[in-house]
Amino acid sequence: MSLLTMIFSKSTIFDCEILQLPVVHKQSGNITSINSFENIPFDIKRIYYLYDIPGGEERGGHAHRNLFQLLVAAGGAFEVSLFDGVNRKIVHLDRPNIGLYIVPGIWRELLNFSSGSICLVLASLPYSEEDYIRDYTYFTRSKNL
Ligand code: T46
């Protein structure tokens, strides 16, 4: 079994963490910069963001096989529901200097987006549909906790 396959099958929501990101305060406003291995524990290979999300819409509803991610509410607020096959938790994100680190093998749903919110995602791999598990039953059967 490869290390990533083992991480996928054994990871729990307790491996997912809230990370405090650095802030440089200025009278004219703040800046946060995120550096691979310095502020987050992976190399950033892709950045994407969810925006213009209509009220009441939900995103996610899948797990990743190999992908590590950091989710940040770059604007507004939303909630992330995490499930590892056994345990669940809901994380509220509402600050641009707070990130939610998510490891492979975690089913996530994003909900309760505030108006105009932006979900910034830093990801450890380029986009690949093969990395997704979108079948909930298959996901729960694949976990080996
Ligand atoms: C995640 C949550 C937080 C691309 O072409 N390139 C990309 O990098 C991404 C992320 C998506 N897409 C395409 C694939 C689909 O046709 O955009 C479409 C929507 O993707 P998806 O349904 O996966 O979007 P979300 O918002 O449900 O999930 C996304 C990420 O896919 C996922 O990694 O954790 O945001």
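Residues numbered from 1 in each chain as written. Predicted model: local features only at pLDDT ≥ 70, side-chain atom pairs only at ≥ 80, totals over all residues. Heavy atoms only, no water.

Caption draft 1: View of the packing of aromatic side chains. Inspection of the entire model under this criterion finds 10 aromatic pairs. Considering the side-chain rings of F8 and F139, the 6.4 Å spacing of their centres and the 85° angle between planes classify their relative orientation as edge-to-face. Linking F8 in helix α1 (residues 3-10) with F139 in helix α2 (residues 136-142), this pair joins segments that are 131 residues apart in sequence. The exposure classification of F8 matches that of F139, with both residues buried. (Phe/Tyr/Trp six-rings, centres within 6.5 Å; stacked < 30°, edge-to-face > 60°. Helix = DSSP H or I, 4+ residues; strand = E, 2+ residues; numbered from the N terminus. Buried < 20%, exposed > 50% of the residue type's maximum accessible area, 1.4 Å probe, protein only.)

Caption draft 2: View of the environment of I118. Position of I118 relative to the elements: it lies in strand β11 (residues 118-123). Residues I118 and F37 lie 81 residues apart in sequence; the distance between their C-alpha atoms is 24 Å. Leave out the neighbours within four places in its chain, and I118 touches Y49, L50, Y51, V72, A73, A74, G75 and F78. (Contact = heavy atoms within 4.5 Å.)

Caption draft 3: Examining the sheet that holds β11 more closely. Reading across from one edge, β1-β9-β6-β11-β4 is the order of the five strands in this open sheet, with antiparallel pairing throughout. In the strand order of this sheet, the two ends are held by β1 (17-20) and β4 (46-50), each with one partner. Direction aside, neighbouring strands of the sheet carry axes that sit 25° apart on average. Looking at chain direction, strand β6 (residues 69-75) and β11 are connected through six bridges and run antiparallel. Its bridge partner being in β11, A73 is matched across the sheet by C119. (Pairing = 2+ DSSP bridges. Axes fitted to C-alpha atoms, helices over the stretch in contact; angles between N-to-C directions.)

Caption draft 4: The arrangement of the site of the ligand in detail. In the vicinity of the ligand, 13 residues are found, and the nearest of them are R46, Y48, H64, R108 and Y132. One nitrogen or oxygen atom from the side chain of R59 is found 2.8 Å from an oxygen atom belonging to the ligand. At 3.5 Å, a side-chain N or O of H62 approaches an oxygen atom of the ligand. Only β4, β5 (59-64) and β10 (107-111) provide two or more residues apiece to the shell around the ligand. (Near = heavy atom within 4 Å. Polar contact = N/O pair within 3.5 Å; in protein donor to acceptor, adjacent residues only side chain to side chain.)

Caption draft 5: Quick look at the pairing of β5. As paired strands, β5 and β10 are joined by three bridges and run antiparallel to one another. Paired with H62 across the bridge in β10 is R108. Summarising the sheet, β5 and strand β12 (residues 132-133) pair through two bridges and their orientation is antiparallel. Bridge assignment links H64 to a residue of β12, and that residue is Y132.

Caption draft 6: Here's a closer look at the sheet that holds β12. Reading across from one edge, β8-β7-β10-β5-β12 is the order of the five strands in this open sheet, with antiparallel pairing throughout. On the outer flanks of this sheet lie β8 (88-93) and β12, each paired with one strand and no other.

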